[in-house]
Every structure is written in structure tokens, then in C-alpha cells.
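# Coordinate analysis (summary)
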Amino acid sequence: MHIPDGFLSPTVSIVTFIVTIVFWAISFMKTKNSLDERQVPIMGVLTALFFAAQMMNYPIVGGTTGHLLGGASLGIILGPYAGCISMTIILVLQSLLFGDGGITALGANVLNMGIIGVFIPAFLLLALNKISKGKDLLAWVFISAFAGDVAAAVSAGAQLGFSVPTFQYGLSVAVPAMAINHSVIGVIEGVVTMVLVGALLKLRPDVMSKSPSLKDLPIVQESNT
Amino acid sequence: MTKINRESIKNLDRNTLIVGLAVAVIFVVIGNLVFAYAMETLDVKAEELEVTGENILNAPFPEYVIPGFENEWGGILLGVVATLAIFAVTLGIANLLKKKKE
């Protein structure tokens, strides 16, 4: 899903950079006031883990491949603001060191994978947990992660669709192509996120009790007392 | 239930680091040996339109390979070093950002 230089129109590049810079500022300010000491090691591990996970390209539809994003796990476990910073670290280093994602498309790539792919799962899970009062938690984790991946793909498709002078397919082709193909990855993302969140709830309730999406759940509060 | 004390948290952190980084290394190995081929949807669509995505910056390790050492073992070595570097960078940033003790 990493967009290289040359795919996006200048307008789309500039607008996505502006939106991303606003989210970076908010994320740094919010993280500075909320990141707990216990979350520091897990933030390092998860960032390294999903950088590595993005190196695996799974065959999906029609000879294409896709990779996990990790945004759902980062957003749900660390919270969306720290999750955004984690994904930004991955995307910046991928762009600068490996040429994976263009520097002019960095704003768009962070917006897709580090903001939409992180914030949507985190806030969707929070809302679903409030409605269900914590029942069927892992099912909601799966749905939130799946939705985050598809939303990120739709956003990337929309950015390509709006870059008509460069990318002539337009919205009607770019958005469905990205959404359909990446929904397959969304299922894998959902399962991985579910397994990771489930394991950490059992093994590290102290860390999960700091997650804004999970901290109010009885299961987290009980296991951390 | 017993309250988790500081010593047990340190042990849990150490176990989390060991397991998490070991899994990351396994991902790097599998990514280089099994799931290395990449042809993403947007690359296919770009090829159909004959749009070329040339990056402006010359990355030192394009396509996740060490120049002059373009095989899967070079990729694994680079992937492991990069994973550990990202871990260290993130720990540094997270330590700067964490809540200060009152």
C-alpha cells in the first residue's frame, strides 16, 4: 500500500501532508501526556514486529500481493496517538532507507496506514465495547482491524483516484480495486490482531489496562487488580 | 488477585522483548524466503497505465537488499539489523515522550 513518488498529483500530495502534519502534532502532544512507562518496551517491540511483518507479502487476488499493516494492533494496544507515532517511524524509515514509499507521498502513506489504519480500529473498538459492554471483545477486535485495513485501502484508492492527471483510472476504478483486494488482507489483519490482543490480555494485563480502547472493560480491570 | 510488583513487571518486560523480537526475526526470515515476491494492487494498476513510480531520493538499500549482496541471506541480514534499529529508535522516542514521574 506504499505509494511511491510520481503516482499522486501535487495537490493530493500537499493536502495529505497538511492533514498528516496536524495529526502528528496532536499525536505527539497527546502521547507526551499519556504514554505510561509500562507501554515503552511494548511500543518498541510492536513497532519492530510490524516493520518485520510488512516484509511478508501474501498472494491475494488476481496475482497481486499485500502485506499486513499492523495499524489496528498498534492503535488498540498503544492507543491511537502512540500508534500513529509507531507507524510513522516505520513509514519514514521504510521511505528513507529502502525506498518503500516515496518521500512526496509520505503524507499520504502516513495518512492511510498511520492515521486511518490506526485511529479507525482504535475508536471503532472503543465504540463497539461501549455498546456491547465488553461482551464478544475479540469479535469486535477482528471487525475493527478489518475495517481499519479496508478504510486505509479506500483512502489510498481515493488519493490515486483524485490524482487523475497522473493516475488516469479515476475514483470508480482505483477505490474498488484497492478496497476489494485489501479486504483479503483485512481478514488476515483481523485474525492477527485478535490473536495478539487476546494473548496480551492474558499475559500483559498491566499494559492492556493503559489502552484507551480496552481500559474500561471489566476483563482488563479485574486482571490488573 | 495479587498486585503485579515492580520486579515482576521487569521480568514480564524482558520476556515480552525476547518473544516479540524473536517473532519479528522469524517474520524477516519468512518474508525473505517464502513471501518475498511483491506485486501490489497499485503497482498492477500503475503498470496498466504505464505510470512509473520512480522515487526522488536514492535510498541506500532499495527493495530491501544490500547493493552487491542481492540474495535472500543479504535480505535477512538487512531485515534483522533494520528491525533492531527500528526497535532502538522507537524505544528512544518513547522514552522521551513518556509521562514524567510526579
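Coordinates for the structure precede this section.
Reference entry: report on the structure contained in this document. (Residues numbered from 1 in each chain as written. Chains lettered and ligands numbered in written order. Predicted model: local features only at pLDDT ≥ 70, side-chain atom pairs only at ≥ 80, totals over all residues.)

### What to know about the packing of helix α3 (residues 71–78) of chain A against helix α5 (residues 106–132) of chain A
Residue and element names in this part refer to chain A. The contact between α3 and α5 brings their axes to 7 Å, and the two run at 50°. In terms of orientation, α3 lies oblique with respect to α5. Seen along the crossing, α3 lies across α5 with a hand that is right-handed. When α3 is examined against α5, the residues Gly71, Ala72, Leu74, Gly75 and Ile76 are found in contact with a partner set consisting of Met113, Gly114, Gly117, Val118, Phe119, Pro121, Ala122 and Leu125. Across the contact of α3 with α5, the residue classes break down as nine nonpolar, four polar and no charged. (Axes fitted to C-alpha atoms, helices over the stretch in contact; angles between N-to-C directions. Helix = DSSP H or I, 4+ residues; strand = E, 2+ residues; numbered from the N terminus. Parallel < 35°, antiparallel > 145°, perpendicular 65-115°, else oblique. Left-handed = near helix turned anticlockwise from the far one by under 90°. Contact = placed C-beta atoms within 7 Å. Nonpolar A, V, L, I, M, F, W, Y, C, P; charged D, E, K, R; others polar.)

### A word on the nonpolar core
Grouped together as the largest cluster of nonpolar side chains are 97 residues, with contacts concentrated most on Leu46, Ala52, Val141 and Met178 of chain A. Top element by residues in this core is α5 of chain A. It accounts for 15 residues. With sequence-adjacent residues up to four places away left out, Met178 of chain A is seen in contact with Ala153, Val154, Ala156 and Gly157 of chain A together with Thr41 and Leu42 of chain B. (Core = buried A, V, L, I, M, F, W, Y, C linked by C-beta atoms within 7 Å. Buried ≥ 20, exposed ≤ 12 C-beta atoms within 10 Å, placed from the backbone.)

### Notes on unusual backbone geometry
The backbone of Asp136 of chain A shows a phi angle near 55°, a positive value even though the residue is not glycine. Inspection of the secondary structure puts Asp136 of chain A in the loop between α5 and α6 (137–162). Notably, Glu63 of chain B is not glycine yet its phi reads approximately 60°, a positive angle. Relative to the helices and strands, Glu63 of chain B resides in the loop between α2 (41–49) and α3 (72–97).

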